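# Understanding the architecture of this molecule
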Amino acid sequence: MGQLTSEQIRAARALLRWEQRHLAEASGVSLPSVKRLELQPGPLAAREQTVAALKGALEAAGVEFIAENGGGAGVRLRRE
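Structure report, in brief. (Residues numbered from 1 in each chain as written. Predicted model: local features only at pLDDT ≥ 70, side-chain atom pairs only at ≥ 80, totals over all residues. Heavy atoms only, no water.)

## Some thoughts on the nonpolar core
Our working rule: In these notes, a set of buried Ala, Val, Leu, Ile, Met, Phe, Trp, Tyr and Cys residues joined through side-chain atoms within 4.5 Å is what counts as a nonpolar core. Burial classification: accessible surface area is computed with a 1.4 Å probe over protein chains only, and a residue below 20% of its type maximum counts as buried, one above 50% as exposed, and the rest as partly exposed. Helix and strand labels come from DSSP, where a helix needs a run of H or I of at least four residues and a strand needs a run of E of at least two; each type is numbered from the N terminus. Pairs of residues are marked as contacts when any of their non-hydrogen atoms sit within 4.5 Å.
Membership of the largest hydrophobic core comes to 17 residues, with the highest contact counts inside it found for I9, L23, L44, L54, L58 and V63. Of all the elements in the fold, those that place two or more residues in this core are α1 (6-16), α2 (20-27), α3 (31-39), α4 (48-60) and β1 (63-66). It is α4 that provides the largest number of residues to this core, a total of 4 residues. With sequence-adjacent residues up to four places away left out, L44 is seen in contact with L4, T5, S6, I9, L37, V51 and L54.

## Considering the pattern of salt bridges
Short version of the rule: Note on definitions: salt bridges are taken to be side-chain nitrogens of Lys or Arg within 4 Å of carboxyl oxygens of Asp or Glu.
Applying the stated criterion to the full structure yields 5 salt bridges. Here E38 ties to R13 by a salt bridge, and the two come within 2.7 Å at their closest N and O atoms. On the criterion of sequence distance, the pair formed by E38 in helix α3 and R13 in helix α1 is long-range, its members being 25 residues apart. You can call E38 buried: its relative accessible area is 5%. R21 is the salt-bridge partner of E19, the closest N and O atoms lying 3.6 Å from each other. Taken together, the salt bridges that share partners define one network made up of E19, R21 and E25.

## Here's the deal with unusual backbone geometry
Of note, the phi angle at R17 is positive, near 60°, even though the residue is not glycine. Among the secondary structure elements, R17 is positioned in the loop between α1 and α2. Classification of R17 by relative accessible area gives exposed; the value is 76%.

## Focus on the environment of L44
In this fold, L44 is placed in the loop between α3 and α4. Each C-alpha atom, one on L44 and one on V63, is 17 Å from the other, the two residues being 19 residues apart in sequence.

Shape descriptors only; they carry no functional weight alone.
Below is the structure:
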């Protein structure tokens, strides 16, 4: 799927109604790091491990990341 963006992370948190603190706790990424990464527009400027931890926590909570397909990358909640 290409690189995750700060916009996708913020949108995923919004779908879950998570605060940044929730994402930090679920992913094991520090709260200051989550805040910093979300402030920078575009692809996440972080180590691969950090991006994987954030993505894994959001996916475990039910988020699906949608690849760029001409309509833009995005997120949605997985059907139950």
